[in-house]
Amino acid sequence: AAWCDIARRIAHEIKNPLTPIQLSAERLQSKFGAHYEEQDAAFRQCTDTIIRQVEDIGRMVDEFSSFARMPSVVMGEFDLADVISQVVLMQRVSAPDVPFVTNVESPLMMQGDGRLISQALINIIKNASEAMSNIRGEKRLEVEAHKSGSAIVLRISDTGPGWPDDDRYALLEPYKTSREAGTGLGLSIVKKVIDDHGGKLVLQDAPWCADGKTGATVQLEFRLPDNETVGQSKVLEEL
């Protein structure tokens, strides 16, 4: 609750000046851009930088707002395979330079809030894509999900630099990040969603790290409900 209050205050204080800053930069471009275009390209470069940075800050504010307004879980039955398919489709569009490999069993029916699980997956895949943005080697994002005993196991792996050597689970705390441009809220939101579903979140090295390569894996585990008949009395069974 304290972290949510901090996020709410930060979002409010930062968001107020963003709009006039962006509108002012755009107005300068519109009114004076034509006059300076031939004589001084630095004018447009500077105003472009202002607009671009304001948009980046705006996205950060959106993350703060999302964290501050985390909704309560609305439980229901849904197909996790379908949620994964929709999220991967969206992320393919936003990260066209990242090859996606999927291996998802279908259907994967589970109890939970499909909207919140979708938000958690978007955060994980977005983090994985951004982790690979500056690497020169092979880019690969692998998503696999299947039933394993009485649980559903979902793994998302990338070929980025991998998790830090020291205390990787500290990244699950609010405002802790290993990326310069990160807010440290993405994995915190994921952890809260998984905790609210009684699930388990594990940060692992990617499978190809065994071959000397780099990468990170986020593994999510969701317990499936028992197969007992709802409302059936165990006392009557014993009698």
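An account of the accompanying structure is given in this report. (Residues numbered from 1 in each chain as written. Predicted model: local features only at pLDDT ≥ 70, side-chain atom pairs only at ≥ 80, totals over all residues. Heavy atoms only, no water.)

### Focus: unusual backbone geometry
Here the residue pair Ser106 and Pro107 is connected by a cis peptide bond, since its omega of 0° sits within 30 degrees of zero. Note on placement: Pro107 falls in the loop between strand S2 (100-104) and strand S3 (109-112). Despite not being glycine, Asp167 has its phi angle at roughly 50°, a positive value. The topology assignment puts Asp167 in the loop between strand S5 (151-158) and helix H5 (186-196). (Helix = DSSP H or I, 4+ residues; strand = E, 2+ residues; numbered from the N terminus.)

### Section: the packing of helix H4 (residues 114-131) against H5
Direction vectors running N to C along H4 and H5 enclose 145°, while the axes themselves pass 9 Å from each other. As H4 runs across H5, the sense of the crossing is left-handed. Together, Leu116, Ile117, Gln119, Ala120, Asn123, Ile124 and Asn127 of H4 and Gly186, Leu187, Ile189, Val190 and Val193 of H5 make up the contact between the two elements. The residue makeup of the contact of H4 with H5, split by class, is eight nonpolar, four polar and no charged. (Axes fitted to C-alpha atoms, helices over the stretch in contact; angles between N-to-C directions. Left-handed = near helix turned anticlockwise from the far one by under 90°. Contact = heavy atoms within 4.5 Å. Nonpolar A, V, L, I, M, F, W, Y, C, P; charged D, E, K, R; others polar.)

### Focus: the sheet that holds strand S4 (residues 141-148)
Pairing is mixed across the open sheet formed by five strands, whose spatial order is S2-S4-S5-S7-S6. Edge positions in the sheet fall to S2 and strand S6 (200-205), since each of these pairs with one other strand and no more. The average angle at which neighbouring strand axes cross in this sheet is 15°, direction not considered. Pairing analysis gives eight bridges linking S4 to S5, with the strands arranged antiparallel. Within the sheet, the bridge partner assigned to Glu144 lies in S5 and is Arg155. This element, helix H3 (residues 80-94), spans S2, S4, S5 and strand S7 (216-223) of the sheet and lies at about 175° to S2. Packing against the sheet, H4 makes contact with S2, S4, S5 and S7, and its axis sits at approximately 25° to S5. (Pairing = 2+ DSSP bridges.)

These results come straight from atomic positions and should not be treated as a statement about function.
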